[in-house]
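Breakdown of the fold
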Amino acid sequence: MSRTGEDDGDLAPASPPRRRDRTQWAAVTAVALALLFAGGAVTVASAERKEAPATPGTLSADAGFARDMAVHHQQAVEMSFIVRDRTRNEEVRRLAYDIANTQANQRGMMLGWLDLWGLPKIESGVEPMTWMGMGGSGDTGPLDGALMPGMATNAQLDRLRRASGREAEVLYLKLMTEHHRGGVHMAEGCVQKCSVDIERNLAQGMVDAQKSEMLLMADMLAKRGA
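First things first, this report covers the structure right here in the doc. Everything numeric in this text was worked out from a predicted model, so none of it was measured. Sequence order as written defines residue numbering, which begins from 1 separately in each chain. Given that the model is predicted, a residue must reach a pLDDT of at least 70 before its local features are reported, and side-chain atom pairs must reach 80 or more before they are shown or counted; all residues, however, enter totals for whole chains, interfaces and linings. For the side-chain quantities, the full set of heavy atoms in the structure was used; hydrogens and water were omitted.

**Details of the overall build of the chain**
Only DSSP runs of H or I with at least four residues qualify as helices, and only runs of E with at least two residues qualify as strands; both kinds are numbered from the N terminus onward. Along the chain, the regular secondary structure elements total seven helices and zero strands. Reading the chain from its N end, one meets helices and strands in the order α-α-α-α-α-α-α. The rule is simple: take the accessible area with a 1.4 Å probe, protein chains only, and divide by the maximum for that residue type; under 20% is buried, over 50% is exposed, in between is partly exposed. Looking at the 226 residues of the chain, the share that counts as buried comes to 37%. Sequence separation of at least 24 residues holds for 72% of the intrachain contacts in the chain that already meet a minimum separation of 6. In what follows, residue pairs with any heavy atoms lying within 4.5 Å of each other are defined as contacts.

**Thoughts on unusual backbone geometry**
Residues other than glycine seldom take positive phi values, yet Met129 does so here, at roughly 75°. Structurally, the position occupied by Met129 is in the loop between α4 (90-116) and α5 (154-162).

**Details of the state of the cysteines**
Counting rule for disulfides: a pair of cysteine sulfur atoms within 2.5 Å. What the rule picks out here adds up to one disulfide. With its sulfur 2.2 Å from that of its partner, Cys190 forms a disulfide with Cys194. Given an S-S torsion of about -120°, the disulfide between Cys190 and Cys194 has left-handed geometry. In this structure Cys194 comes out as buried when scored by relative accessible area, which is 5%.

**Points about the side chain of Glu199**
Locating Glu199 in the fold gives a position in helix α7 (residues 197-223). Arg200 is the oppositely charged side chain nearest to the buried, salt-bridge-free Glu199, at an N-O distance of 8.0 Å. Under this rule, positive means Lys or Arg and negative means Asp or Glu; His and the chain ends count for nothing. The working definition used for a salt bridge is a side-chain nitrogen of Lys or Arg within 4 Å of a carboxyl oxygen of Asp or Glu.

**A short note on the nonpolar core**
Grouped together as the largest cluster of nonpolar side chains are 48 residues, with contacts concentrated most on Phe65, Met79, Met110 and Tyr172. Residue assignment for this core shows that the elements contributing at least two residues are α3 (61-86), α4, α5, α6 (165-193) and α7. In this view, Met79 contacts Ala152, Leu157, Leu160, Tyr172, Leu175, Met176 and His179; residues no more than four positions away in its chain are not counted. What makes a nonpolar core is a set of buried Ala, Val, Leu, Ile, Met, Phe, Trp, Tyr and Cys residues whose side-chain atoms join them at distances within 4.5 Å.

**Topic: the packing of α3 against α5**
The relative placement of two packed helices is expressed as an angle between their axes plus a distance between the axes. Running from N to C, α3 and α5 point in directions that differ by 25°, and their axes come no closer than 9 Å. Taken together, the axes of α3 and α5 are roughly parallel relative to one another. Every residue of α5 that contacts α3 at Gln75, Glu78, Met79, Ile82 and Arg86 is listed here: Leu157, Leu160, Arg161 and Arg162. In this count, Pro and Cys sit with the nonpolar residues alongside Ala, Val, Leu, Ile, Met, Phe, Trp and Tyr, while Asp, Glu, Lys and Arg are called charged and the others, Gly among them, polar. Here the contact of α3 with α5 is composed, by residue class, of four nonpolar, one polar and four charged. Where helices are involved, their axes are fitted lines through C-alpha atoms of the stretch in contact, as for all axes, and angles between N-to-C directions lie from 0 to 180°. Here roughly perpendicular refers to angles of 65 to 115 degrees, roughly parallel to angles under 35, roughly antiparallel to angles over 145, and oblique to all remaining angles.

**Here's the deal with the packing of α3 against α4**
Contact pair α3 / α4: the axes reach a minimum separation of 8 Å and the direction vectors enclose 155°. By the angle class used here, α3 and α4 are roughly antiparallel. Judged by the sense of rotation from one axis to the other, the crossing of α3 with α4 is left-handed. For the contact of α3 with α4, the residue count by class is 18 nonpolar, five polar and four charged. Should the near helix be turned counterclockwise from the far one by less than a right angle, the crossing is left-handed, whereas a clockwise turn marks it as right-handed.

**Describing the environment of Ala66**
Examined against the element boundaries, Ala66 turns out to sit in helix α3. Each C-alpha atom of the pair Ala66 and Gly108 lies 9.9 Å from the other, and the pair is 42 residues apart in sequence. Among all residues touching Ala66, those that are not within four sequence positions of it are Met110, Leu114 and Glu199.

**Quick look at a positive patch on the surface**
Like-charged residues are merged into a patch within 9 Å and nonpolar side chains (Val, Leu, Ile, Met, Phe, Trp, Tyr) within 5 Å, provided each residue has over 30% relative accessible area and no salt bridge. Here the open area of atoms and residues is found with the Shrake-Rupley method and a 1.4 Å probe, where only the protein chains shown may cover a residue. Taken as the charge centre is NZ of Lys, CZ of Arg, CG of Asp or CD of Glu, depending on the residue. A surface patch of like charges, here positive, comprises Arg159, Arg162, Arg166 and Lys174. When residues of the positive patch are traced back to their parent elements, those giving at least two are α5 and α6. Residue position: Lys174 is located in helix α6.

The structure is reproduced here in structure tokens:
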């Protein structure tokens, strides 16, 4: 056996360990940098959480809007169910179904937030719309059911229950247009005053959707000569 072969066998493994050392060093450096960046991200996230608003108070715009709009939505759901029983027109029935379904779901969300915040769904001694600086703004006073802008009175609801066919359709479309107009006003107030992002986003969604439905209802009224 030649010495050259022995020397070659002894020297051959010497180079790979140096490559492994460089590879391991690169890996350790990468892990260290990752931990450094992760630590920075945690610090930033912690700072953001500290700056986030606390749970809304019972007299806050967030709580006031959730309470008032839940009541406002409930009447829209009620009117929509009434007209579905008073007409066979599929266009009106479909609109009524969409409004009832959408506003019932949104109402559930707002009441759920109040539960999450540990706040009452009804705040005694606080008039509707106080959070907007408009306490007691019902069109004909709370005793007739018009607690907030755009809400129908009890007399108007009774008239809708007695109507049928085209008369019920026209009355519903007119009442719901005013109802939406009042709802948009309230939702825009929340967009400006509410501090909880998810609630403010919902309010903006209400503004956009109800403005669109108001245009649709205007076309439907025009078709009926109203």
